[in-house]
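As a plain string of letters, each chain reads:
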Amino acid sequence: MSFTVYGAAGSGSVPVEAALTLLGLDYTVVEAPTWEGEAERDKVAPVNPMRQLPVLVTPEGEILTESAAILIWLADRHHPASRAGAGLAPRPDDARRGQFLRWMSFVPAAIYSMYWVRDVPSRLAGDDPEDQARILQRTEDRIAECWGMMDRQIAPGRFLLGESLTVLDLYVAVASRWTPRRARFYEVAPKMAAVVRRVDELSELRGFWAERFPFEAE
Ligand SMILES: N[C@@H](CCC(=O)N[C@@H](CS)C(=O)NCC(=O)O)C(=O)O
């Protein structure tokens, strides 16, 4: 019995797949790049009426949606064999738990949500190409501004919450590759820049990144 991930290379399913990989859990991916159109979105509809990735179907058949919830749920329930027993999330009684939940909520609320508009700008802008271009520019700037705000309020160690890797690192490493892409992210978020580069280089994930989110020009 294994997990099923509805996902796509380069998408918000990639941190979920990375967590499953680090946790040593078996999973298969139903590939559905939803931003490509209705047929791909329809593939996801049976498990998520929002027709969005990622979706995790557990071995027991439970369906989870919402990237942050999936990541927290996985990290709370499973420990990786390979990381000397350290889990991928601070436990509820850990002093870092509050900041962990804060930033795990901030990323989807402030940043990831912008891509619903960016992927199909006519959803808010209508058919006018100038309105669409304005929405694309403003959402890009807003995402950069949010990364900057987050960067100014955290004090990373080797990873975002200190010395151990958490699912927040996987989440930010992936989302920071999306528009406005890493070059601007490195400018607006210099402290997090060092961390995401470290996450890119994790030996346990080298093959995984190459397959699921190969780096293009930054
Ligand atoms: N709140 C959701 C957002 C998921 C999301 O926007 N997924 C994108 C792919 S990365 C998607 O499937 N978009 C298709 C659409 O919104 O129509 C989450 O955090 O999982």
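Note that the structure is predicted; figures quoted are calculated from it, not measured.

Mapped onto the elements, V55 comes out in strand β3 (residues 55–57). Judged by its relative accessible area of 1%, V55 falls in the buried class. For the pair V55 and V5, spaced 50 residues apart in the sequence, the C-alpha separation amounts to 5.6 Å. Other than its neighbours up to four places away in sequence, V55 contacts T4, V5, Y6, V44, V47, N48, I63, L64, T65 and I70.

Looking now at the domain arrangement of the protein. Considered domain by domain, the protein is made up of domain 1 (3–77) and domain 2 (97–207). On a C-alpha basis, the centres of domain 1 and domain 2 stand 19 Å from each other. The junction of domain 1 with domain 2 conceals about 1400 Å² of combined surface from both sides, 72% of it contributed by carbon and sulfur atoms. Scanning the region where domain 1 abuts domain 2 turns up one salt bridge. We note a salt bridge from R97 to D76, for which the minimum N-O separation is 3.1 Å. On inspection of domain 1 and its partner domain 2, the count reaches three residue pairs in polar contact (both at pLDDT 80 or more). Those elements giving two or more residues to the side of domain 1 that touches domain 2 turn out to be α1 (14–23) and α3 (67–77).

Let us look at the site of the ligand. What surrounds the ligand is a group of 13 residues, the closest being T34, L53, E66, S67 and R123. L53 is positioned such that a nitrogen or oxygen atom in its backbone is 2.8 Å from a nitrogen atom of the ligand. Taking 510 Å² as the accessible area of the ligand by itself, protein coverage stands at 89%. Of all the cavities here, the one that holds the ligand is the largest pocket. Among the residues forming the shell around the ligand, the class breakdown is four nonpolar, five polar and four charged.

On the secondary structure map, S67 appears in helix α3. Among residues more than four places away in sequence, those in contact with S67 are G12, P54, Y112 and Y171.

The sheet built from four strands is open, its strands ordered β2-β1-β3-β4 with mixed pairing. Lying at the two open borders of the sheet, with one neighbouring strand each, are β2 (27–31) and β4 (63–65). Each neighbouring strand pair of the sheet contributes to a mean axis angle of 20°, computed without reference to strand direction. In the sheet, β3 pairs with β4 via three bridges, with the strands oriented antiparallel. Residue V55 lies in a different strand from β4, and its bridge partner there is T65. α1 contacts β1 (3–7), β2 and β3 of the sheet and is inclined by roughly 155° relative to β1. Of the strands in this sheet, β1, β3 and β4 touch α3, which is tilted by about 125° from β4.

Calculation criteria
Residues numbered from 1 in each chain as written. Predicted model: local features only at pLDDT ≥ 70, side-chain atom pairs only at ≥ 80, totals over all residues. Heavy atoms only, no water. Helix = DSSP H or I, 4+ residues; strand = E, 2+ residues; numbered from the N terminus. Buried < 20%, exposed > 50% of the residue type's maximum accessible area, 1.4 Å probe, protein only. Contact = heavy atoms within 4.5 Å. Domains from an automatic or database assignment. Buried area = accessible area lost by both parts, 1.4 Å probe. Salt bridge = Lys/Arg side-chain N within 4 Å of Asp/Glu carboxyl O. Polar contact = N/O pair within 3.5 Å; in protein donor to acceptor, adjacent residues only side chain to side chain. Near = heavy atom within 4 Å. Areas by Shrake-Rupley, 256 points an atom, 1.4 Å probe, with all protein chains shown as cover. 1 Å grid on protein atoms, 1.4 Å probe; cavity = no way out; pocket = protein on both sides within 12 Å on 5 of 7 lines; lining within 4 Å. Sits in = over half its atoms within 2 Å of the grid points. Nonpolar A, V, L, I, M, F, W, Y, C, P; charged D, E, K, R; others polar. Pairing = 2+ DSSP bridges. Axes fitted to C-alpha atoms, helices over the stretch in contact; angles between N-to-C directions.

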